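Per-entry structural report
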Amino acid sequence: MGIQVIIEKCTGCKKCVLACPFGAMQLVDKKATINYDECTVCGACANACEDDAIVIERGAGKGTENIEQYKGVMVFAEQHAGEMKNCSYELLGEGRKLADKLGQELTAVLPGSQVEHLTKDLFAHGADKVYLVDNENLASYMTDPYATAVAAVIAKYKPAIVLYGATTTGRDLAPRIAARIQTGLTADCTGLDIDPETGLLLQTRPAFGGNIMATIKCPRHRPQMSTVRPKVMKKPEPDYSRQGELIKVPVEINPKSIKAKILEVIKEAKSTGDIEEAEVIIAGGWGMGDATNFKMLEDLANALGGAVGASRAAVDAGWMSHSCQVGQTGKTVCPKVYIACGISGAVQHLVGMQTSDLIIAINKDPDAPIFNVANYGIVGDVFQIIPKLLEELKK
Amino acid sequence: MDIIVCIKQVPDISEIAKVKTDPKTGTIIREGVPSVVNPFDEFAVEEAVRVKERSEGEVNVTVITMGPPQAEEALRKCLSMGADNAILLSDRAFAGGDTLATGYVLAMAIKKIGAYDMIFCGQQATDGDTAQVGPSIAENIHIPQITYINKLEVQKKKIVAHREIEGGVEVIECRMPVLMTAVKGLNEPRIPKYKAITKALSKEIVVWGAADLDLDMDRVGLSGSPTNVVKVFSPEARQGGQKIQGLTYDEAALKILEILKEEKAL
């Protein structure tokens, strides 16, 4: 088991050295040589090698038994207080495509308490079947009971693929389930497809803050599971004439086994929407000068039906709360429109917003790096331009 | 009370961008890029040390990482921040492990340590960004998890944590032992001073290999990893578009309006 270079086959072409994202490959005496301290066995070198000189041996491991019994695509339908999250519909849209490519069914697993009324929305957005786990212990999301419910449905109905939204809920739940049922999980995917030859799920995701992309598969374990970044996949148009099959799955949940308890939920007092959900984000940085100047960004966000974001500098200065921070130690967002105001565009910020559909940057400094990613860069003074823009919007 | 903090050494992302991407392929050349303690893990270490400092009883903070021998450097940093002990899990057999295999090895090491009331992790590591290892550890040792915490109060046998969710926070009460993952905002990590740094240098770092843990080798490293990378590529670098200079403020405002209309954002 491991990765090695077959020296006889290596021509010293250096393609692997260039391909390695980790700087773990060097030429020593004109032969490719792996620095095992840096190598993560990602396979980029073997991919690049045209002489089959790099081999990766993967041990047999255990794998899932009766792998051929696993069929179909399942979506975790995430609801809070009886209200479906948008990303669940996005997953159904994407799941439909995958299921059709496989010629298999698309199902949804819906845990909750008194949530049967949501099943019609799941059918309308593409589900063929809904597995409803309705239990009073599932009234609000908690890791343990939800993991129990979803793992039980997976064990019983054996889907080949399970998709979760990469929300705080999905990213809390999915790895817990993966460890429980011993299968693979790929985080925060931005692209999904089916390998036409093997029928395996191809999961593409950014790593190193979006500096590299990796396509990952899970060949020997089932189900193949992914969390999928919200707002990347398209939400399908609902069709309420679609019919589906509702299957109620009784799952035993002992309330005594739930060790954590939600005492209360504190909604953040904000005059604008959440950046995770917003189609338009108005973000402010160090150039905004102080907290009070964010008021004009709020006004603009409200006028455009969007949300206010902030760079790390603005958050660290205490002008905005961390929940608004976009970037490496904050959130990754991909709205339709991102307006960066007084943000210079450090790489830590760019990794959180460079997949936005459209970026408009306003900055006094014509050399600000934000202009390297902005579709439109306006060189000018935010404090003059935003008020004018607000005036125009009022007209 | 015993606290374990799981950390990871990662390449410094700001240096990656500054230093080297191969002009032809656009891939990262990691050679010469400095490594740092994963920024989220610093919040985890800081919180553990603060719990220790606030506590009247005796508290022992152990920091643990899985990685190559040079990850020792990251552990030293955590010792200088105030951790008591450090354990490095290092073995060629661990290489190439995905989050499932990594979570398993860390969990088995935690079992070997034996005593733990709280386990802290960063919300995710900034190289892989998966946020999966923490929950994987918690599942493996059968304890509850609270992810994304930005505030913590420790009581006698339980904790109350604020969990940052979309649009607000959940206030969660949980009996110990519990695993928690830290977000930015939980605290302000200290910058170790000279004395603490030199003291950390003299501390012993315990190294455990595969043979030191009671492992099912089928669940470790490459063979224990259900997922494998089949392709790595550089995303098309986003190109800057039009840079517009020399407009009056009115013109600039009208231009933005025009763009928003074109994009149907209005």
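As the structure is a computational prediction, the values presented were derived from the model and not from experiment.

**Regarding the domain arrangement of chain A**
Segmenting chain A into domains produces domain 1 (2-57), domain 2 (67-256) and domain 3 (280-394). Centre-to-centre separation of domain 1 of chain A and domain 2 of chain A, based on C-alpha positions: 37 Å.

**Here we look at the interface of chain A and chain B**
When the parts of a complex come together, some accessible area is lost, and that lost area is often taken as the interface size. On the side of chain B, 96 residues touch chain A, which itself brings 113 residues to the contact. For the pair chain A and chain B, the summed buried surface comes to about 9300 Å²; carbon and sulfur atoms form 58% of the total. Counting across the interface, chain A meets chain B through seven salt bridges. Note that Glu139(B) and Arg180(A) form a salt bridge whose closest N and O atoms lie 2.9 Å from each other. At the junction of chain A and chain B, the tally comes to 40 residue pairs in polar contact (both at pLDDT 80 or more). Along the lines of polarity and charge, the residues of the side of chain A that touches chain B split into 52 nonpolar, 34 polar and 27 charged. Pairing of strand E22 (residues 376-379) of chain A with strand E13 (residues 242-244) of chain B, which is carried by three bridges, proceeds in the parallel orientation. Bridge assignment links Tyr376(A) to a residue of E13(B), and that residue is Gln242(B).

**Overview of the state of the cysteines**
Counted according to the given criterion, the structure contains zero disulfides over all chains. Between Cys189(A), a free cysteine, and Cys218(A), which holds the nearest cysteine sulfur, the sulfur-to-sulfur gap is 11 Å.

**Digging into the environment of Ile359(A)**
Examined against the element boundaries, Ile359(A) turns out to sit in strand E21 (residues 358-363). For Ile359(A) and Gly43(A), which are 316 residues apart along the polypeptide, the C-alpha to C-alpha distance reads 34 Å. In contact with Ile359(A), not counting residues within four places along its chain, are Tyr338(A), Met353(A), Gln354(A), Val373(A), Ala374(A), Asn375(A), Tyr376(A) and Arg238(B).

**Focus: the sheet that holds strand E12 (residues 228-233) of chain B**
Spatial ordering of the open sheet is given by E12(A)-E13(A)-E14(A)-E12(B), a layout of four strands whose pairing is antiparallel. Unpaired on one side and paired on the other, strand E12 (191-194) of chain A together with E12 of chain B mark the two borders of the sheet. Taken pair by pair, the neighbouring strands of this sheet meet at an average axis angle of 25 degrees, ignoring direction. Looking at chain direction, strand E13 (residues 201-207) of chain A and strand E14 (residues 212-217) of chain A are connected through five bridges and run antiparallel. Following the sheet pairing, Ala207(A) is matched in E14(A) by Ile212(A). In the packing of helix H3 (residues 86-102) of chain A onto the sheet, the strands contacted are E12 and E13 of chain A, and the crossing angle to E12(A) comes to about 15 degrees.

**Focus: the packing of aromatic side chains**
All names here are of chain A. Under the criterion given, the structure shown has six aromatic pairs over all chains. Plain terms: the ring middles of Tyr-131 and Tyr-157 are 4.1 Å apart, the flat faces sit at 25 degrees to each other, and that makes the pair stacked. Here the residue Tyr-131 occupies a position in strand E9 (residues 129-134), and Tyr-157 occupies one in helix H5 (residues 143-157), the gap between them amounting to 26 residues. Tyr-131 sits in the buried class, given a relative accessible area of 3%.

**Digging into the packing of helix H10 (residues 382-394) of chain A against helix H7 (residues 249-262) of chain B**
Running from amino to carboxyl end, H10(A) crosses H7(B) at an angle of 60 degrees, the nearest separation of the two axes being 8 Å. Judged by the inter-axis angle, H10(A) sits oblique to H7(B). The handedness of the crossing between H10(A) and H7(B) comes out as right-handed. Between H10(A), through Gln384(A), Ile385(A), Lys388(A), Leu389(A), Glu392(A) and Leu393(A), and H7(B), the contact on the second element is made entirely by Tyr249(B), Asp250(B), Ala252(B), Ala253(B), Leu254(B), Ile256(B) and Leu257(B). When grouped by side-chain class, the residues that make up the contact of H10(A) with H7(B) number nine nonpolar, one polar and three charged.

**Some remarks on the pattern of salt bridges**
Taken as a whole and assessed by the stated rule, the structure comprises 36 salt bridges over all chains. The closest approach of N and O atoms between Glu94(A) and Lys97(A), which form a salt bridge, is 3.3 Å. Here Glu94(A) pairs with Lys97(A), and both are found in helix H3, just three residues apart, close to one helical turn. With a shortest N-O distance of 3.9 Å, Glu47(B) and Arg54(B) are connected by a salt bridge. For Arg54(B), a relative accessible area of 53% gives the class exposed. Salt bridges here are not isolated pairs; linked through shared partners, they connect Arg96(A), Asp100(A), Asp128(A) and Arg242(A).

So, how was this worked out
- Residues numbered from 1 in each chain as written.
- Chains lettered and ligands numbered in written order.
- Predicted model: local features only at pLDDT ≥ 70, side-chain atom pairs only at ≥ 80, totals over all residues.
- Heavy atoms only, no water.
- Domains from an automatic or database assignment.
- Contact = heavy atoms within 4.5 Å.
- Buried area = accessible area lost by both parts, 1.4 Å probe.
- Salt bridge = Lys/Arg side-chain N within 4 Å of Asp/Glu carboxyl O.
- Polar contact = N/O pair within 3.5 Å; in protein donor to acceptor, adjacent residues only side chain to side chain.
- Nonpolar A, V, L, I, M, F, W, Y, C, P; charged D, E, K, R; others polar.
- Pairing = 2+ DSSP bridges.
- Helix = DSSP H or I, 4+ residues; strand = E, 2+ residues; numbered from the N terminus.
- Disulfide = S-S within 2.5 Å.
- Axes fitted to C-alpha atoms, helices over the stretch in contact; angles between N-to-C directions.
- Phe/Tyr/Trp six-rings, centres within 6.5 Å; stacked < 30°, edge-to-face > 60°.
- Buried < 20%, exposed > 50% of the residue type's maximum accessible area, 1.4 Å probe, protein only.
- Parallel < 35°, antiparallel > 145°, perpendicular 65-115°, else oblique.
- Left-handed = near helix turned anticlockwise from the far one by under 90°.

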